[in-house]
Amino acid sequence: MNLPNRITLARICMIPVFVVVFYCGLLTPWCYLASAAVFLLAASTDAIDGHIARSRHLVTDLGKFLDPIADKVLVSTAFILMLTVPVPFAVHPFGTYGLIVAGVCVALILARELIVGGLRMIAAGKKVVLAADKLGKIKTTLQDAAIALLLASMPFLILAEGAPNHSLYIGGLVVAYIGLACFVLCTLFTLISGINYLVKNKTVFKSEEESK
């Protein structure tokens, strides 16, 4: 197994670590900040393994299989975990409505990933490689930023709960608002990039007879 694939496997192995650190936040809110650091460390390996694979000509079928799975599972896990402790989604003035919107957005993000994943499977069966486009890369960057910022805001919001004028709460609120803005943007780019991906690769759905 080459170096890029080992890095990708390391990212996959960091997912359960991320889950454990996140739920340790129920014991001490600062663990949510630690989980943000673990998430960023795991997410950063995506660029590292890709760069090494391309620059050293170490691209393999195993890497093509593992890399997108690692990314999707990491992001999906983070969003689902945050819905179980939805502190940053319910900040003032959103409240319950923020939780509903967050749930819908996460559902849309997961649906897009499943649809695109299915499209890639069909393409692979026809020996066609569907490369990621710029919209997809922007989407991924916004997703990572949203998750990291929302996680980082949680300890400050929790520790200063009930004290809206407390500097900790105000700081957490600012970080949460920025994270929510990235969350909305990443949802929009998720939908746009997904539609663009389907339209651009619609020929994949055609049978061999129709393609002739």
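Just above sits the structure.
In this report, the structure presented in the accompanying data block is examined. Note that the structure is a prediction, hence the values are computed from the model and not measured.

1. Comments concerning the pattern of salt bridges
Then step 1. Evaluated as defined, the whole model comprises 5 salt bridges.
Then step 2. For Asp-46, the salt bridge goes to Arg-11, with nearest N and O atoms at 3.8 Å. Of this pair, Asp-46 sits in helix H2 (residues 30-55) while Arg-11 sits in helix H1 (residues 3-23), and the two are 35 residues apart along the sequence.
Then step 3. Through salt bridges with shared partners, one network takes in Lys-72, Arg-112, Glu-113 and Lys-139.

2. Regarding the state of the cysteines
Then step 1. All chains considered together, the criterion is met by 0 disulfides.
Then step 2. Unpaired in this structure, Cys-24 has its nearest cysteine sulfur neighbour in Cys-31, at a distance of 4.9 Å.
Then step 3. For Cys-31, a relative accessible area of 18% corresponds to the buried category.

3. Thoughts on H1
Then step 1. Compared with an ideal rise of 1.5 Å per residue, which puts 21 residues at 30 Å, H1 spans 31 Å between its outermost C-alpha atoms and is within 8% of the ideal.
Then step 2. Burial in H1 covers these residues: Pro-4, Asn-5, Ile-7, Thr-8, Arg-11, Met-14, Ile-15, Phe-18, Val-21 and Phe-22.

4. A short note on helix H5 (residues 134-159)
Then step 1. Taking 1.5 Å of rise per residue, the 26 residues of H5 would be expected to cover 38 Å, and the 39 Å separating its terminal C-alpha atoms lies within 8% of that figure.
Then step 2. Taking the largest bend as the criterion, H5 deviates by roughly 25°, centred on Ser-153, and proline Pro-155 comes between one and four positions later.

5. What about the environment of Ser-35?
Then step 1. Positionally, Ser-35 belongs in helix H2.
Then step 2. Ser-35 sits 113 residues away from Ala-148 along the chain, and the two C-alpha atoms are 8.5 Å apart.
Then step 3. Setting aside chain neighbours within four positions, we find Ser-35 in contact with Phe-18, Val-21, Phe-22 and Leu-151.

6. As for the packing of aromatic side chains
Then step 1. Taken as a whole and assessed by the stated rule, the structure comprises 8 aromatic pairs.
Then step 2. Ring centres of Phe-18 and Phe-22 lie 6.4 Å apart, and the angle between their planes is 45°; this geometry places the pair in the tilted category. Residue Phe-18 and its partner Phe-22 are both found in helix H1; the two are separated by 4 residues, about one turn of the helix.
Then step 3. The class of Phe-18 is buried, set by a relative accessible area of 1%.
Then step 4. Since its relative accessible area comes to 0%, Phe-22 is described here as buried.
Then step 5. Centroid distance Phe-94 to Tyr-177: 6.3 Å. Interplanar angle 90°. Geometry classified as edge-to-face. Here the residue Phe-94 occupies a position in the loop between helix H3 (61-84) and helix H4 (95-125), and Tyr-177 occupies one in helix H6 (residues 167-200), the gap between them amounting to 83 residues.
Then step 6. Of the residues examined, Phe-94 reaches a relative accessible area of 37% and is grouped as partly exposed.
Then step 7. Of the aromatic side chains, those joined through ring pairs into one cluster are Phe-18, Phe-22, Tyr-23, Tyr-32 and Phe-39.

Calculation rules
Residues numbered from 1 in each chain as written. Predicted model: local features only at pLDDT ≥ 70, side-chain atom pairs only at ≥ 80, totals over all residues. Heavy atoms only, no water. Salt bridge = Lys/Arg side-chain N within 4 Å of Asp/Glu carboxyl O. Helix = DSSP H or I, 4+ residues; strand = E, 2+ residues; numbered from the N terminus. Disulfide = S-S within 2.5 Å. Buried < 20%, exposed > 50% of the residue type's maximum accessible area, 1.4 Å probe, protein only. Expected span 1.5 Å × (residues − 1). Bend = angle between axes of the 7 residues up to and from the residue. Contact = heavy atoms within 4.5 Å. Phe/Tyr/Trp six-rings, centres within 6.5 Å; stacked < 30°, edge-to-face > 60°.

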